[in-house]
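Observations on chain architecture
Residues per chain, in single letters:
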Amino acid sequence: MRRRRQRQKRKERMRLTDVWDHFVSEAHGRPKLALADERDVTVDILQQMGMPRSQAARTLQSSWVAHLKATTAPFELKHSAAWLARFETDTPKMRNALYFLFDRLDFCDTR
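Here's what I pulled together on the structure shown here. Computed from a predicted structure; not experimentally measured. (Residues numbered from 1 in each chain as written. Predicted model: local features only at pLDDT ≥ 70, side-chain atom pairs only at ≥ 80, totals over all residues. Heavy atoms only, no water.)

**Things to note about the overall build of the chain**
Helix and strand counts for the chain stand at six helices and zero strands. Compactness check: the chain gives a C-alpha radius of gyration of 29 Å against a globular reference of 13 Å for 111 residues, more than 25% above the reference. Counting over 111 residues, the chain shows a buried share of 14%. Once local pairs closer than 6 in sequence are excluded, the contacts in the chain between residues at least 24 apart make up 37%. Considering the chain, the positive charge centre built from 22 side chains and the negative charge centre built from 14 side chains are found 12 Å apart. (Helix = DSSP H or I, 4+ residues; strand = E, 2+ residues; numbered from the N terminus. Rg over C-alpha atoms; globule rule 2.2 N^0.38 Å. Buried < 20%, exposed > 50% of the residue type's maximum accessible area, 1.4 Å probe, protein only. Contact = heavy atoms within 4.5 Å. Lys, Arg positive; Asp, Glu negative; His and termini not counted. Charge placed at Lys NZ, Arg CZ, Asp CG, Glu CD.)

**As for the nonpolar core**
The biggest cluster of nonpolar side chains holds twelve residues, and these are Met14, Val19, Phe23, Val24, Ala27, Ala34, Val43, Ile45, Leu46, Met49, Met51 and Ala56. Among the secondary structure elements, those contributing two or more residues to this core are helix H2 (16–26) and helix H4 (43–49). Setting aside residues up to four positions removed in sequence, Leu46 forms contacts with Val19, Val41, Met51, Ala56 and Leu60. (Core = buried A, V, L, I, M, F, W, Y, C linked by side-chain atoms within 4.5 Å.)

**Looking at the environment of Asp109**
By the element assignment, Asp109 lies in helix H6 (residues 81–110). Between the alpha carbons of Asp109 and Gln55 there is a distance of 67 Å; along the sequence they are 54 residues apart.

**Overview of a nonpolar patch on the surface**
On the surface, a cluster of nonpolar side chains totalling about 450 Å² of accessible area is made up of Leu77, Trp83, Leu84 and Phe87. Mapped onto the elements, Phe87 comes out in helix H6. (Patch = residues over 30% accessible without salt bridge, like charges linked within 9 Å, V, L, I, M, F, W, Y side chains within 5 Å. Areas by Shrake-Rupley, 256 points an atom, 1.4 Å probe, with all protein chains shown as cover. Salt bridge = Lys/Arg side-chain N within 4 Å of Asp/Glu carboxyl O.)

**Remarks on the pattern of salt bridges**
Per the stated rule, a full pass over the model turns up six salt bridges. Ionic pairing is found between Arg39 and Glu26, a salt bridge with its closest N-O pair at 2.7 Å. Linking Arg39 in the loop between helix H3 (31–36) and H4 with Glu26 in helix H2, this pair joins segments that are 13 residues apart in sequence. The closest approach of N and O atoms between Lys78 and Glu76, which form a salt bridge, is 3.5 Å.

**Quick notes on the environment of Asp90**
You can see Asp90 is positioned in helix H6. Its relative accessible area of 23% is what places Asp90 among the partly exposed residues. As for Asp90 and Phe75, which are separated by 15 residues in sequence, their C-alpha atoms are 23 Å apart.

Any functional reading would require information beyond the geometric quantities listed.
Spelled out as structure tokens, the structure:
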């Protein structure tokens, strides 16, 4: 905690509440307008606010991972039912073709 405070005083670190305050101030003090803004947040935008590049990149990466966790449905077996049914019908065809090829090669090899 102390180290973070010292880095913040030296402007080597920026709190996320400061970033939020900056977005709200750009929306003239209206948080709903700040949330409705469709502008992509990039490392460059965060750097313009005063955040160091490494912190900005790390923050965006971790927020993207958290977003994917929250929005991606977990894997369930029912999602792969169509693929498994196709796999079940294609496997015997491939097996039969392989046996046929083996028989033909064996026949040609013994002549």
